[in-house]
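An overview of the molecular structure
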Amino acid sequence: MSHPELERCIEVIKALRHPKTGCPWDLEQTHETLLKYLIEEAYEFVEAVENGDPKHMEEEIGDVLFQVILHTTIGEEKKAFSLESAAKNLADKLVRRHPHVFTQKDMKLTSDEVLENWAKIKVTEKGERKYTIDEKYLHAPALESAFKIGKKSTTVNFDWQDHQQVMMKVEEEWQEVKEELPPTGQYNKERVKEEIGDLLFSVAQLARHLDLNPEECLRDANKKFIKRFQKVEDMVKASGRKLEDTPQEELEDYWVKVKKV
């Protein structure tokens, strides 16, 4: 099996990292500085999938691949790991955790049984976790993490009984936010940060109890805001002005009109 374009891509990225003839920006990058780009490119691929645009998907998964090869190139420079070693580890793991495909040849398993076996094999490899909920649950966007933490806590009987109880908790957390923001205008930023975090966590649990994913709720809200804002901007442009030159009161009027459409 030959992958000439993949091999060319690897060589191009290595050229960008060449210490004498490479690109100054690429040479400055580290695993740490690249993290935000890895996350950003992954989300852009998500958007392309949601839009059902194969050409855009091809472009964005290529950008994700760039991040993967850049990270492994840096790892190779540091003699820590390489694309080849990462690929080997991945292939070995996939074979180990899919015995029904590679060794047992048992194709009668359901998807749920496959996931159950995967979890058992993972425990065999890594051992039992010390805590039921640990840092593993932070490996996602914050709202998604809150959702997963809540789902796990309910499996050990540590949860509210219904969404009505969660609503009361949301109200309680909202009151605590307001208490940290007195009419004087003086407030402790760290305390407000903590209370807003508690409020968002509680809202995430309310969504979960209503069988909704809070990350998806917020993504949909973001999309809705952008679409409405673009319509407002179109209306402003149609009037011959720019957004920054339009009084806030008029922008609010446009916003109200857009919401009614």
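The paragraphs below set out a description of the structure included in this document. (Residues numbered from 1 in each chain as written. Predicted model: local features only at pLDDT ≥ 70, side-chain atom pairs only at ≥ 80, totals over all residues. Heavy atoms only, no water.)

Re the overall build of the protein chain
- Across its full length, the protein chain holds 12 helices and 0 strands.
- Mapped in sequence order, the helices and strands of the protein chain form the string α-α-α-α-α-α-α-α-α-α-α-α.
- Taking 261 residues into account, the globule formula puts the C-alpha radius of gyration at 18 Å, and the protein chain, at 25 Å, lies well above it.
- Reported as C-alpha extents along the three principal axes, the dimensions of the protein chain are approximately 65 × 55 × 40 Å.
- Within the protein chain, the proportion of its 261 residues that are buried is 22%. (Helix = DSSP H or I, 4+ residues; strand = E, 2+ residues; numbered from the N terminus. Rg over C-alpha atoms; globule rule 2.2 N^0.38 Å. Buried < 20%, exposed > 50% of the residue type's maximum accessible area, 1.4 Å probe, protein only.)

Quick notes on the packing of helix α8 (residues 142–154) against helix α10 (residues 189–209)
- Between α8 and α10, the least distance of the axes is 9 Å, while the angle of their chain directions is 60 degrees. The orientation of α8 with respect to α10, classified from their angle, is oblique. Crossing angle aside, the handedness with which α8 passes α10 is right-handed. Taken together, the residues of α10 that come into contact with α8 (itself represented by Leu 143, Ala 146, Phe 147, Ile 149, Gly 150, Lys 151 and Thr 154) are Leu 200, Phe 201, Ala 204, Gln 205 and Arg 208. (Axes fitted to C-alpha atoms, helices over the stretch in contact; angles between N-to-C directions. Parallel < 35°, antiparallel > 145°, perpendicular 65-115°, else oblique. Left-handed = near helix turned anticlockwise from the far one by under 90°. Contact = heavy atoms within 4.5 Å.)

Side note on the environment of Gln 164
- Examined against the element boundaries, Gln 164 turns out to sit in helix α9 (residues 163–179).
- In this structure the C-alpha to C-alpha distance between Gln 164 and Leu 206, which are 42 residues apart in sequence, comes to 8.6 Å.

Considerations on the nonpolar core
- Residues Ile 10, Ile 13, Leu 34, Ile 69, Leu 70 and Ile 74 constitute the largest nonpolar core, which totals 6 residues.
- Breaking this core down by element, the ones donating at least two residues are α1 (4–16) and α4 (54–77).
- The element contributing the most residues to this core is α4, with 3 residues.
- Contact partners of Ile 10, with chain neighbours within four places excluded, come to Ile 69 and Leu 83. (Core = buried A, V, L, I, M, F, W, Y, C linked by side-chain atoms within 4.5 Å.)

Quick notes on the pattern of salt bridges
- Across all of its chains, the model carries 19 salt bridges by this definition.
- When the shortest N-O distance is used, the salt bridge between Glu 125 and Arg 96 registers 2.6 Å. Of the two residues, Glu 125 is situated in helix α7 (residues 111–126) and Arg 96 in helix α5 (residues 83–96); the sequence distance between them amounts to 29 residues.
- Between Glu 195 and Arg 191 there is a salt bridge, with the nearest N and O atoms lying 3.0 Å from each other. Taken together, the residues Glu 195 and Arg 191, both in helix α10 and 4 residues apart, mark about one turn of the helix.
- Looking at Glu 195, the relative accessible area reads 5%, which means it is buried. (Salt bridge = Lys/Arg side-chain N within 4 Å of Asp/Glu carboxyl O.)

Description of a nonpolar patch on the surface
- Residues Val 95, Val 101, Phe 102 and Met 107 make up a contiguous nonpolar surface patch of about 370 Å² in total accessible area.
- Mapping Val 95 onto the fold places it in helix α5.
- Looking at Val 95, the relative accessible area reads 38%, which means it is partly exposed. (Patch = residues over 30% accessible without salt bridge, like charges linked within 9 Å, V, L, I, M, F, W, Y side chains within 5 Å. Areas by Shrake-Rupley, 256 points an atom, 1.4 Å probe, with all protein chains shown as cover.)

Points about the side chain of Arg 17
- With respect to the helices and strands, Arg 17 occurs in the loop between α1 and α2 (24–28).
- Among the residues examined, Arg 17 registers a relative accessible area of 9% and is labelled buried.
- From its side chain, Arg 17 meets the backbone oxygen of Leu 27 in a polar contact 3.4 Å long.
- If near-sequence neighbours (up to four positions away) are discounted, Arg 17 is found in contact with Asp 26, Leu 27, Gln 29, Leu 70, Thr 73, Ile 74 and Glu 77. (Polar contact = N/O pair within 3.5 Å; in protein donor to acceptor, adjacent residues only side chain to side chain.)

Some thoughts on the environment of Pro 24
- For Pro 24, the position within the fold is in helix α2.
- Considering only alpha carbons, one finds Pro 24 and Leu 143, 119 residues apart in sequence, at a separation of 36 Å.

Geometry only, nothing functional implied.
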